[in-house]
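Survey of secondary and tertiary structure
Listed below are the residues making up each chain.
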Number of protein chains: 2
Amino acid sequence: MIMGLTKTEHFSKNQNQVAAYAKALGHPARIAILEYLLQKKACICGDLVDELPLAQATVSQHLKELKAVGLIKGEIEGTSVCYCINEKGWEEAKDFLLGLFASPLSDKSCC
Amino acid sequence: MIMGLTKTEHFSKNQNQVAAYAKALGHPARIAILEYLLQKKACICGDLVDELPLAQATVSQHLKELKAVGLIKGEIEGTSVCYCINEKGWEEAKDFLLGLFASPLSDKSCC
DNA sequence: AATATATATCGCAATATTACGATTAATATC
DNA sequence: GATATTAATCGTAATATTGCGATATATATT
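What comes next concerns the included structure. Source: prediction; values computed, not measured.

1. Here's the deal with the overall build of chain A
Assigned secondary structure in chain A consists of five helices and three strands. Scaling as 2.2 N^0.38, a compact globule of 111 residues should have a C-alpha radius of gyration of about 13 Å, whereas chain A reaches 17 Å, well beyond that. Over its C-alpha atoms, taken along the principal directions, chain A stretches across nearly 55 × 35 × 25 Å. Across chain A, contacts joining residues at least 24 apart in sequence account for 50% of those joining residues at least 6 apart. For chain A, the distance from the average position of its 12 positive side-chain charges to the average position of its 13 negative side-chain charges is 6 Å.

Quick look at the structure:
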């Protein structure tokens, strides 16, 4: 056990996966990026830099995280990179998160 | 702008809210806690300490975050605190996250 | 080859997160 | 009142995250 590092090895694959997708979504800039991609279908890094209130380096970092978790993908086109939603990962993330919210709530009050 | 602090003021209320709920879900221990609560309907801190591979102090911290974002609520009973899902916040989180995933995907390939 | 463009990476700084032992505060029991 | 239980909080340490300027790399254009 190392302080500061999440003890992922003690949780199920499902729990780790739900948490990983959630974590990737846990920043408003990333939500904004995904919304933009959902609307425009595709865009280049520079488009997002113009759109977001963040430096190019920061936008690139956020894109890197979204790409790493599988929510987006990028294709190099000359000097640019064209990003879009990665449909497979997107659907998977949706399934994992929906899975968490799928359990019925109790009709009883707390305690 | 302060380095290390998220620039939330530049994003919409919706984007900030989706991100906040996602961030709260971004740790496997919290997923495990929520799943346990969904299954058992209610439990005390001590139950979770027995269930999770974490120290009592850590469990308490995670509960604090889940409570702060509104996903769970706790009622004091003697020396114990009985936690359960906060139905109102739970449904709201579900709506916000579903809202993100509700947009149709393009049938076009990336670029 | 020189120049321009696009973007990932590096390096740094500030803050947040994660984990845990120790402590504190509130309640319950004897 | 003394003792026990429960859990929030404190303090600390290690790591992660967030932001940005500078830089490196790859491609395009002249």
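Now that the structure has been shown, the text picks up again.
2. Re the sheet that holds strand β3 (residues 80-85) of chain B
Two orientations exist for strands paired in a sheet by backbone hydrogen bonds: parallel and antiparallel. Residue and element names in this part refer to chain B. Taken together, three strands build an open sheet; the order of strands is β1-β3-β2 and the sheet is antiparallel. Bordering the open sheet on either side are β1 (43-44) and β2 (72-77), each of which pairs with just one other strand. Strands β1, β2 and β3 of the sheet are contacted by helix α2 (residues 28-40), whose axis makes an angle of about 85° with β3. Contacting β2 and β3, helix α4 (residues 56-69) crosses the sheet at an angle of about 115° to β2.

3. Some words on the relation of the copies chain B and chain A
Relative to chain A, chain B is turned by 180° and slid 0.0 Å along the rotation axis, the superposed coordinates differing by an RMSD of 0.0 Å. Taken together, these values place the two copies in the relation of a two-fold axis. When C-alpha positions in chain B are compared against the rotation axis, the closest is assigned to A22(B), at 2.4 Å. Both copies present the same face, since 100% of the interface residues in chain B are matched by interface residues at the equivalent positions in chain A.

4. Focus: the protein's contact with DNA strand C
Around DNA strand C sit 33 residues in total, of which S60(A), Y83(A), M3(B), R30(B) and H62(B) are the nearest. Counted by atom, the contact set of DNA strand C within 4 Å of the protein is 67% sugar and phosphate. Between DNA strand C and the protein, one listed contact pairs a base oxygen with a backbone N or O atom of G4(A) at 3.0 Å. Within the side chain of K23(B), a nitrogen or oxygen atom sits 3.1 Å from a phosphate oxygen of DNA strand C. Taken together, the elements giving at least two residues each to the surface near DNA strand C come down to α3 (45-51), α4 (56-69) and β3 (80-85) of chain A together with α4 of chain B. With five residues, α4(A) is the single largest residue contributor to the surface near DNA strand C.

5. A short note on unusual backbone geometry
Positive phi, normally seen in glycine, also occurs at K41(A), with a value near 80°. For K41(A), the position within the fold is in the loop between α2 (28-40) and β1 (43-44).

6. Some details on the state of the cysteines
Residue and element names in this part refer to chain A. Across all of its chains, the model carries zero disulfides over all chains by this definition. C82 provides the cysteine sulfur closest to C43, a residue in no disulfide bond, and the two sulfurs are 7.0 Å apart. C43 gets classed as buried once you look at its relative accessible area, which sits at 4%. Left unpaired, C45 is separated from the closest cysteine sulfur, that of C43, by 8.3 Å.

7. Let's talk about the protein's contact with DNA strand D
Taken together, 33 residues form the shell around DNA strand D, and within it M3(A), H62(A), M3(B), S60(B) and Y83(B) come nearest. Each atom of DNA strand D within 4 Å of the protein was classed as base or backbone; sugar and phosphate made up 66%. The contact in question runs from a base nitrogen of DNA strand D to an N or O atom on the side chain of Q61(A), over 3.1 Å. For the surface near DNA strand D, the secondary-structure elements that each account for two or more residues are α4 of chain A together with α3 (45-51), α4 and β3 of chain B.

8. A few points about empty space enclosed by the protein
A full pass over the atoms with the stated rule returns one cavity of 30 Å³ or more. Looking at the largest cavity, its volume works out to about 50 Å³. Counting only elements with at least two residues in the lining of the largest cavity, the list comes to α5 (87-101) of chain A together with α5 (87-101) of chain B. Counted by class, the lining of the largest cavity contains six nonpolar, no polar and two charged residues.

9. Thoughts on the interface of chain B and chain A
Contacts between chain B and chain A engage 48 residues on the former and 48 residues on the latter. With both chains or domains summed, chain B and chain A bury close to 4200 Å², and 76% of this area falls on carbon and sulfur atoms. The interface formed by chain B and chain A holds zero salt bridges in total. Inspection of the chain B/chain A interface yields four residue pairs in polar contact (both at pLDDT 80 or more). Put simply, the parts of the chain that give the side of chain B that touches chain A at least two residues each are α1 (13-24), α2, β2, β3 and α5 of chain B.

Calculation notes
- Residues numbered from 1 in each chain as written.
- Chains lettered and ligands numbered in written order.
- Predicted model: local features only at pLDDT ≥ 70, side-chain atom pairs only at ≥ 80, totals over all residues.
- Heavy atoms only, no water.
- Helix = DSSP H or I, 4+ residues; strand = E, 2+ residues; numbered from the N terminus.
- Rg over C-alpha atoms; globule rule 2.2 N^0.38 Å.
- Contact = heavy atoms within 4.5 Å.
- Lys, Arg positive; Asp, Glu negative; His and termini not counted.
- Charge placed at Lys NZ, Arg CZ, Asp CG, Glu CD.
- Pairing = 2+ DSSP bridges.
- Axes fitted to C-alpha atoms, helices over the stretch in contact; angles between N-to-C directions.
- Least-squares fit on C-alpha atoms with pLDDT ≥ 70 in both.
- Near = heavy atom within 4 Å.
- Polar contact = N/O pair within 3.5 Å; in protein donor to acceptor, adjacent residues only side chain to side chain.
- Disulfide = S-S within 2.5 Å.
- Buried < 20%, exposed > 50% of the residue type's maximum accessible area, 1.4 Å probe, protein only.
- 1 Å grid on protein atoms, 1.4 Å probe; cavity = no way out; pocket = protein on both sides within 12 Å on 5 of 7 lines; lining within 4 Å.
- Points joined across faces, edges and corners; volume = space filled by probe spheres on them.
- Nonpolar A, V, L, I, M, F, W, Y, C, P; charged D, E, K, R; others polar.
- Buried area = accessible area lost by both parts, 1.4 Å probe.
- Salt bridge = Lys/Arg side-chain N within 4 Å of Asp/Glu carboxyl O.

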